[in-house]
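Coordinates in review
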Amino acid sequence: MVFRKLPGVSASGMGLRLSQKFVFLLFLSGLVTLCFGALFFLPDSVRLKRIFLSKTETQPVTVGSGSENDAREHLKRLKNQGGMTPAKGETSTKLKSLSRKPPVSYEATEERLAGGKAQEDLTLPRSKTESASAKATSSDHGASSDTLSYNKFKGCLLKPPLGRDNGKPSDPKTNERREKVKEMMKFAWDNYKRYAWGKNELRPLTRNGHIGNMFGGLRGASIIDSLDTLYIMGLMEEYNDAKDWVQTSLDLNSNGEASLFEVNIRYVGGLLSAYYLTGEEVRLIDVLMELGEKLLPAFNTPTGIPRGVINLGSGTSWSWGWASAGSSILAEFGTLHLEFVHLSELSRNPIYTEKVMNIRKLLNKIEKPHGLYPNFLSPVSGNWVQHHVSIGGLGDSFYEYLIKSYLMSDKTDGDAKTMYYGALEAIEANLVQKSPGGLTYMAEWRGGILDHKMGHLACFSGGMIGIGADDGAPEKRQHYLDLAAEITHTCHESYTPTKLGPEAFRFDGGGEATATRLSDRYYILRPEVIESYMYMWRLTHDPKYREWGWEAVEALEQHCRVESGFSGIRDVYTMTASHDNMQQSFFLSETLKYLYLLFSDDDLLPLEDWVFNTEAHPLPIIRKSYKHDFHEKSTSFFPL
Ligand code: DMJ
């Protein structure tokens, strides 16, 4: 109609001349192209862009169990069920929609599933500003009761997470030692903050930050890794700085190549712990949900065994160049279980649990040489690629996560238990050795040939065997505790003469727990030996473990403390240190935390309620009484 009034437009039909029609069509198509093209220039967070330019376009085809599309479907379903409208002023993505669903306590869910409790239990988190303004106080360590459901979760713990008096030991000497560790943490943190804020690690000699390439462009690894340590130590000003950084500056829109394992144990683990300890879900939950989704495409392989490296932007994943024949690494794909189960618990999305259960199923089914689990597995064929077995690097935390999965499931995960004790039996039969000098150690196994070498990383196994002792066969319990003590003793023996230990030590060529190669003599502030002291102290209360821990504190002070932080050293056999100029983030999350716990009462993060992930981030045991049963009840799981 409008056209009729235009000059030069005839009244017949549309009334346009051919040339006018052509110009008009040209104009229209130009406009459409312009609008669509403009989408490319919008920030990633804009919803329209997400709708039109779905990330799945760049994903490899999925064959394994479940897929990222399952997650998207799930998100869609949730959204359709309502309650998922983005808050005003916030960017909206499917993911953020999910994350805005309040974390529901296990107890609340249980009640809802039973058809009893009303929806008030699903209290929405307070707004960002409200939460941010709920500043922490030193007495409550910042714990807020943001949601009723969080309170309910806390109500299900057997003991208060921080103990009666934040774990303060009554013995003044022990308390002094604990205060010393706290001072070390503050010193390490202050220097990180001063010289490397927002970077991944501090370079304490050159006084600058290190980014590295493990986290795919993500920043602030030392911040995320420190959240829970600062919190349990009562360093509240520092904790609040760390929390504020997460809320305002942690950027997940990175496009780099990340280690699935490292991002999981440090970022996912660190954020989960921070949430469970403090209840401050704003941004923590959002970030966790978004990060979880970003990791899922790594599982898009024919077997569902994830590849080791993932581009957090595109979702493309591949195997490490150094891993034989495109294989995935046992200690990497076997160290996801604890965090992924908690991601499912918080999001009420079973996909994370399904992914790790699929790995478990495959490993359970596959034939194992002498009952052992080799370190390399093809994510395409699902077969072992090499017969190299190690309790140290490449294998270590797979075993750790078996027993901890069992413990974290409130001892209901029978498969994890069977696999753990089966693996331990095979390890004892094939790898555990006694040196001529009477030291017990874990050798490495290469297709039946033993390499009489033990890595520093393998020293975590003292603690692992210790915490698993009680649930072994009754006739084996004392034996496991003895074995744990022997391994811990051997690792302590390797800490000489600086009282710090080498990266790897050997028991051949006349050596006893000694690094014979120059290239094995370095110490990079690793926690594993101290980790075993902490567990053995909790299990036996033998005072020697605290004495050994104190030796390590003094050695760290003498050899690793420099003017602006702590640094690894190049040779543990030289009294004049040569520093490597790196304060690893695990020094803050693990080494100092385990030392602090060693000098604290057992009621600080009691083992009855918490398991530590492999980066020492405490995760709560999921009680039978409030655990979600996704498989049976998933349809009735979400509020309609
Ligand atoms: C940590 O990142 C974790 O403990 C991991 O499992 C192995 N190594 C480092 C610390 O040595």
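Residues numbered from 1 in each chain as written. Predicted model: local features only at pLDDT ≥ 70, side-chain atom pairs only at ≥ 80, totals over all residues. Heavy atoms only, no water.

The test is simple: UniProt positions are given in the numbering used here, feature names are shortened, and annotations may be inferred rather than shown by experiment.
If you look the chain up in an unreviewed UniProt entry, it shows as alpha-1,2-Mannosidase from Sander lucioperca. Database annotation for the chain, UniProt heading Subcellular location (unreviewed entry): "Endomembrane system". According to UniProt, the comment filed for the chain under the heading Function (unreviewed entry) is "Involved in the maturation of Asn-linked oligosaccharides. Progressively trim alpha-1,2-linked mannose residues from Man(9)GlcNAc(2) to produce Man(5)GlcNAc(2)."

1. Some details on the UniProt feature "active site" (unreviewed entry) in the chain
Under the convention used in this document: Every helix listed is a DSSP run of H or I at least four residues long, and every strand listed is a run of E at least two residues long, numbered separately from the N terminus. Exposure is judged per residue with a 1.4 Å probe applied to protein chains only, and the accessible area is read against the type maximum: over 50% gives exposed, under 20% gives buried, and values in between give partly exposed. Contact between two residues is taken to exist if any of their heavy atoms lie within 4.5 Å; hydrogens are not considered.
Under the local residue numbering, the UniProt record ascribes the feature "active site" (unreviewed entry) to Glu262, Asp396, Glu503 and Glu528. Structurally, the position occupied by Asp396 is in helix H16 (residues 396-408). Residue class for Asp396 comes out buried when judged on its relative accessible area of 12%. Apart from the residues within four sequence positions on either side, Asp396 is in contact with Ala331, Ser390, Ile391, Leu457 and Phe460. In this structure, Glu503 is in contact with Gly455, His456, Asp520, Tyr522 and Arg526, ignoring residues within four places of it in sequence.

2. Thoughts on the side chain of Arg177
Applicable threshold: Within 3.5 Å is the distance limit for a polar contact, defined as a pair of N or O atoms, with the added protein rule that one can donate a hydrogen and the other accept it, and that residues adjacent in sequence qualify only through two side-chain atoms.
Tracing the sequence through the fold places Arg177 in helix H8 (residues 172-196). A polar contact of 3.1 Å, which involves the side chain of Arg177, links it to the side chain of Glu547. In this view, Arg177 contacts Arg546, Glu547, Trp550 and Phe599; residues no more than four positions away in its chain are not counted.

3. Here we look at the packing of helix H14 (residues 337-347) against H16
Formally: Helix axes are fitted to C-alpha atoms over the stretch in contact, other axes to C-alpha atoms as well, and angles between N-to-C directions run from 0 to 180 degrees. When residues are grouped by polarity, Ala, Val, Leu, Ile, Met, Phe, Trp, Tyr, Cys and Pro land in nonpolar, Asp, Glu, Lys and Arg in charged, and all others, Gly among them, in polar.
Closest axis-to-axis distance for the H14/H16 pair is 9 Å, and the angle between their directions is 35°. Together, His337, Leu338, Glu339, Val341 and His342 of H14 and Tyr401, Lys404, Ser405 and Met408 of H16 make up the contact between the two elements. When grouped by side-chain class, the residues that make up the contact of H14 with H16 number four nonpolar, three polar and two charged.

4. Thoughts on unusual backbone geometry
Glycine aside, a negative phi is what most residues show, and trans is what most peptide bonds show. The step from Thr496 to Pro497 runs through a cis peptide bond, and the omega angle for that step is -5°. Along the polypeptide, Pro497 turns up in the loop between helix H19 (477-493) and strand S15 (504-506). Despite not being glycine, Leu394 shows a phi value in the positive range, around 85°. Inspection of the secondary structure puts Leu394 in the loop between strand S9 (388-389) and H16. The phi dihedral of Asp410 falls on the positive side, at around 60°, and the residue is not glycine. By the element assignment, Asp410 lies in the loop between H16 and helix H17 (414-430).

5. What to know about the pattern of salt bridges
As a reminder, the rule being used: Salt bridge criterion: a side-chain nitrogen from Lys or Arg within 4 Å of a carboxyl oxygen from Asp or Glu.
For the structure shown, the criterion picks out 31 salt bridges. Across the salt bridge formed by Glu238 and Lys186, the nearest N and O atoms sit 2.9 Å from each other. Note that Glu238 is positioned in helix H10 (residues 236-248) and Lys186 in helix H8, a separation of 52 residues in sequence. A residue is classified by how much of its surface remains accessible, and Glu238, at 8% relative accessible area, is buried. Overall, the relative accessible area of 34% leaves Lys186 in the partly exposed class.

6. Concerning the packing of aromatic side chains
Convention followed: For Phe, Tyr and Trp, rings pair up if their centres lie within 6.5 Å, where Trp contributes its six-membered ring, and each pair is then called stacked (planes under 30 degrees apart), edge-to-face (over 60) or tilted (otherwise).
One pass over the full model with this rule turns up 28 aromatic pairs. Arranged with centres 6.4 Å apart and planes meeting at 90°, the rings of Tyr373 and Trp384 form a pair that is edge-to-face. With Tyr373 in the loop between helix H15 (351-365) and strand S7 (376-377) and Trp384 in strand S8 (residues 384-386), this pair connects stretches of sequence that are 11 residues apart. For the pair Tyr373 and Trp384, a shared accessibility class is recorded, and that class is buried. Ring geometry for Tyr535 versus Tyr594: centroids 6.2 Å apart, planes at 50°, classification tilted. Of this pair, Tyr535 sits in helix H20 (residues 528-540) while Tyr594 sits in helix H22 (residues 585-598), and the two are 59 residues apart along the sequence. In this structure Tyr535 comes out as buried when scored by relative accessible area, which is 3%. What makes Tyr594 buried here is its relative accessible area of 0%.

7. A word on the site of the ligand
Here is the rule we go by: Nearness is defined per residue: one heavy atom within 4 Å of the molecule or strand is enough. Using a 1.4 Å probe, accessible areas were evaluated by the Shrake-Rupley method; residue-level cover was limited to the displayed protein chains.
In the vicinity of the ligand, the contacting residues are Phe261, Ile265, Arg266, Leu457, Arg526, Pro527, Glu528, Phe586, Glu590, Thr614 and Glu615. The separation between an oxygen atom of the ligand and a polar side-chain atom of Glu528 is 2.6 Å. Residue Glu590 places a side-chain N or O atom 2.9 Å away from an oxygen atom belonging to the ligand. Computed on the free molecule, the ligand has an accessible area of 290 Å², of which 92% lies beneath the protein chains in the complex. Elements represented by at least two residues in the shell around the ligand include exactly helix H11 (260-278) and H22.

8. Some words on the UniProt feature "binding site: Ca(2+)" (unreviewed entry) in the chain
The positions that UniProt labels "binding site: Ca(2+)" (unreviewed entry) are, in the present scheme, Thr614. Of note, Thr614 is situated in the loop between strand S18 (610-612) and strand S19 (618-620). In contact with Thr614, not counting residues within four places along its chain, are Phe261, Ile265, Thr335, Ser397, Glu400, Tyr401 and Glu590. A polar contact of 2.9 Å, which involves the side chain of Thr614, links it to the side chain of Glu400.

9. Things to note about the nonpolar core
Threshold: Working definition of a nonpolar core: buried Ala, Val, Leu, Ile, Met, Phe, Trp, Tyr and Cys residues. They are joined through side-chain atoms within 4.5 Å.
Counting residues in hydrophobic clusters, the biggest one holds 157 residues, and the most contacted among them are Tyr399 and Met454. The biggest single contributor to this core is H11, with 12 residues.

10. As for a nonpolar patch on the surface
The cut-off we apply is this: In this analysis, a patch consists of residues with relative accessible area above 30% that form no salt bridge, clustered at 9 Å for like charges and at 5 Å for the nonpolar side chains Val, Leu, Ile, Met, Phe, Trp and Tyr.
There is a patch of nonpolar side chains on the surface, built from Leu25, Phe27, Leu28 and Leu31 and spanning about 390 Å² of accessible area. By relative accessible area, which is 53% here, Phe27 ends up exposed.

11. Describing H8
Defined as follows: Any helix carries an expected span of 1.5 Å times its number of residues minus one.
In this model, H8 (25 residues) spans 35 Å end to end at C-alpha, consistent with the 36 Å of a helix rising 1.5 Å per residue. Phi turns positive, to about 85°, at Gly198, one or two residues after H8.

12. What to know about the sheet that holds strand S4 (residues 309-311)
Condition: Strand pairing follows a simple DSSP-based rule, namely that at least 2 bridges must link the two strands.
Taking strand neighbours across the sheet as the criterion, the three strands line up as S3-S4-S5 in an open arrangement whose pairing is antiparallel. Only two strands of the sheet have a single partner each, and these edge strands are strand S3 (257-259) and strand S5 (317-318). By the bridge criterion, three bridges tie S3 to S4 in an arrangement that is antiparallel. Bridge pairing in S4 places Ser259 opposite Val309. Relative to the sheet, H11 contacts S3 and S4, its axis offset from that of S3 by approximately 65°.

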